[in-house]
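Structural characterization, general
The residues making up each chain are set out below.
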Amino acid sequence: SSSTPARQSLFAHKDCIGGKTKKAPAAAEELRRIFPGAEARGVVMGIPMPGHPVGAAEVDGVRADAEALDELVQQHDIVFLLTDTRESRWLPTLLAAARRKLAVTAALGFDTFLVMRHGLPPPAEEAAALGAGGLPAGYEQAAPAEAAAPPPPPPPRPRLR
């Protein structure tokens, strides 16, 4: 999409032309252009998401993608969750926590910016101040089930006579 370069600095306008360039390989290539010593590889895969049904014909592919994702988490020290939806960050976050890996979410909206750490427990001095869910008392944690759902239709307009 031509809106991608405005949100993702490693994906340029040239990558939008023709619509065939995938974000992950383009980002890896751009990282290597910026810093030739970077060890970067873009991996294109589907990420299984809660609330998204999986048809019988897709089960093997979804299982393979989940296993490949788990292997990637195990092979790396840190996982950056730079996906478009909360749902797509759910499984990588769980895998990072299970494998005791640091995971970082970075999300950019039209008027918001979010960076969040997941995976490893906080340092001991911070742990005492946090509740069981890893959030300070009084914070609300949003579930991802409807994050990518389309907004409801606007109310009908009154008819003028």
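Computed from a predicted model, the values in this text were never measured in an experiment.

Here the focus is the confidence of the model for the protein chain. The share of residues in the protein chain with pLDDT of 70 or more is 74%, and the mean pLDDT across the chain is 78. Low confidence marks residues 137–141, where pLDDT is under 50. Its contacts with residues over four positions away, or in another chain, come to three contacts.

Sheets are built from strands that pair by backbone hydrogen bonding, the pairs being arranged parallel or antiparallel. The three strands lie next to each other as E1-E2-E3, forming an open sheet whose pairing is mixed. Whereas interior strands pair on both sides, the edge strands pair on one side only; in this sheet they are strand E1 (78–81) and strand E3 (113–118). Between one strand axis and the next, the sheet turns through 15° on average, direction left out of account. Bridge analysis of E1 against strand E2 (residues 102–108) gives four bridges, and the strand direction is parallel. Its bridge partner lying in E2, Ile78 is registered against Leu102.

In this model helix H4 (residues 59–75) runs 24 Å from its N-terminal to its C-terminal C-alpha over 17 residues, within 8% of the 24 Å that 1.5 Å per residue would give. Buried-residue contacts for H4 involve E1 and helix H5 (86–98).

Now for unusual backbone geometry. A positive phi angle is found at Arg100, which is not glycine, with a value near 55°. With respect to the element layout, Arg100 can be found in the loop between H5 and E2.

Attention now goes to the nonpolar core. What tends to happen in soluble globular proteins is that the nonpolar side chains get buried as a cluster. In terms of nonpolar packing, the biggest core is built from eight residues, these being Leu69, Val73, Val79, Leu81, Leu91, Leu95, Ala96 and Ala103. At the level of elements, H4, E1 and H5 are the ones that each hand at least two residues to this core. Ranked by the residues each element gives to this core, the list is headed by H5, at three residues. Each residue touching Val73, except ones within four places of it in the same chain, is listed here: Val79, Leu95, Ala96, Arg99 and Lys101.

A cluster of nonpolar residues, Ile78, Phe80 and Leu82, forms a patch on the protein surface that exposes about 290 Å² of accessible area. In this fold, Phe80 is placed in strand E1.

How each quantity is defined
- Residues numbered from 1 in each chain as written.
- Predicted model: local features only at pLDDT ≥ 70, side-chain atom pairs only at ≥ 80, totals over all residues.
- Heavy atoms only, no water.
- pLDDT = per-residue confidence, 0-100.
- Contact = heavy atoms within 4.5 Å.
- Pairing = 2+ DSSP bridges.
- Helix = DSSP H or I, 4+ residues; strand = E, 2+ residues; numbered from the N terminus.
- Axes fitted to C-alpha atoms, helices over the stretch in contact; angles between N-to-C directions.
- Expected span 1.5 Å × (residues − 1).
- Core = buried A, V, L, I, M, F, W, Y, C linked by side-chain atoms within 4.5 Å.
- Buried < 20%, exposed > 50% of the residue type's maximum accessible area, 1.4 Å probe, protein only.
- Patch = residues over 30% accessible without salt bridge, like charges linked within 9 Å, V, L, I, M, F, W, Y side chains within 5 Å.
- Areas by Shrake-Rupley, 256 points an atom, 1.4 Å probe, with all protein chains shown as cover.
- Salt bridge = Lys/Arg side-chain N within 4 Å of Asp/Glu carboxyl O.

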